[in-house]
Amino acid sequence: MEIVNAGPEHTGRIAALEGLCFAEPWPPEVIVRLRERFLVAAEEDAVLGYAVLSTVLDEASLDKIAVAPESRRRGIGQALLDAVIARCRAQDMSFLTLEVRASNQAAIGLYEKNGFAVAGRRKNYYEKPREDAIIMTLVM
């Protein structure tokens, strides 16, 4: 497995994974428009996962991270997070922020293990099902 910048050949597989991992997936045209923000965990022709990173000035946001259900528990999420953090450090970001479903204890544990701290809560942020978002931040 390798972490690479997303290319046109990844778009369809990212869109398929979006549908598996999110109740409200981004449509393919959004993925195409934002493709330069995607990092992909690729193995041969398969997309095992991806992360989407946005930056404004010296602030970064991990907009999405997803791992194919059949590929979970193999360190792919950690590898993607490591790549995102490395990119943020290389670009001299001050901090990296994300939102995560309050019920997603596996993801919260991963983020805490990597130095993220809870910075706040967004009430009823998610739909399908309606749920709070926990805001977490890593100071670089």
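The structure displayed is predicted, hence computed values, not measured ones.

Each value, and the rule that gives it
- Residues numbered from 1 in each chain as written.
- Predicted model: local features only at pLDDT ≥ 70, side-chain atom pairs only at ≥ 80, totals over all residues.
- Heavy atoms only, no water.
- Helix = DSSP H or I, 4+ residues; strand = E, 2+ residues; numbered from the N terminus.
- Rg over C-alpha atoms; globule rule 2.2 N^0.38 Å.
- Areas by Shrake-Rupley, 256 points an atom, 1.4 Å probe, with all protein chains shown as cover.
- Lys, Arg positive; Asp, Glu negative; His and termini not counted.
- Charge placed at Lys NZ, Arg CZ, Asp CG, Glu CD.
- 1 Å grid on protein atoms, 1.4 Å probe; cavity = no way out; pocket = protein on both sides within 12 Å on 5 of 7 lines; lining within 4 Å.
- Points joined across faces, edges and corners; volume = space filled by probe spheres on them.
- Nonpolar A, V, L, I, M, F, W, Y, C, P; charged D, E, K, R; others polar.
- Buried < 20%, exposed > 50% of the residue type's maximum accessible area, 1.4 Å probe, protein only.
- Polar contact = N/O pair within 3.5 Å; in protein donor to acceptor, adjacent residues only side chain to side chain.
- Core = buried A, V, L, I, M, F, W, Y, C linked by side-chain atoms within 4.5 Å.
- Contact = heavy atoms within 4.5 Å.

### A word on the overall build of the protein
Along the backbone of the protein there are 4 helices and 7 strands. Its helices and strands in sequence order give the protein the pattern β-α-α-β-β-β-α-β-α-β-β, from N to C terminus. A globule of 140 residues ought to have a C-alpha radius of gyration of about 14 Å, and the protein, at 14 Å, matches this closely. Overall, the C-alpha framework of the protein stretches about 40 × 35 × 30 Å when taken along its three principal axes. In the form shown here, the protein has an accessible surface area of approximately 7600 Å², with 50% of it arising from carbon and sulfur atoms. Treating the 17 positive side-chain charges of the protein as one cloud and the 20 negative ones as another, the clouds have centres 5 Å apart.

### Details of the layout of surface pockets
The volume enclosed by the largest pocket comes to roughly 1300 Å³. Residue lining of the largest pocket: 34 residues in total, with Phe 22, Ile 65, Asn 104, Ala 107 and Tyr 111 positioned closest to the centre. Looking at the lining of the largest pocket element by element, the count peaks at 7 residues for strand β4 (residues 59–67). The residue makeup of the lining of the largest pocket, split by class, is 17 nonpolar, 7 polar and 10 charged.

### Considerations on the side chain of Asp 132
Take Asp 132: it is sitting in strand β7 (residues 131–139). What makes Asp 132 buried here is its relative accessible area of 11%. In this structure the side chain of Asp 132 is engaged in a polar contact, spanning 2.7 Å, whose partner is the side chain of Arg 121. In this structure the side chain of Asp 132 is engaged in a polar contact, spanning 3.5 Å, whose partner is the side chain of Lys 123.

### Notes on the nonpolar core
A general tendency of soluble globular proteins is for nonpolar side chains to be buried together. Among the nonpolar cores identified, the biggest contains 28 residues, and Leu 62, Val 84, Leu 96, Val 100, Tyr 111, Phe 116 and Met 136 are the most heavily contacted of them. Listed by contribution, the elements that provide at least two residues to this core are β2 (38–43), β3 (46–56), β4, α3 (76–90), β5 (95–101), α4 (105–113) and β7. Looking at this core element by element, the count peaks at 6 residues for α3. Setting aside residues up to four positions removed in sequence, Val 100 forms contacts with Ala 107, Ile 108, Tyr 111, Tyr 126, Asp 132, Ala 133, Ile 134 and Met 136.

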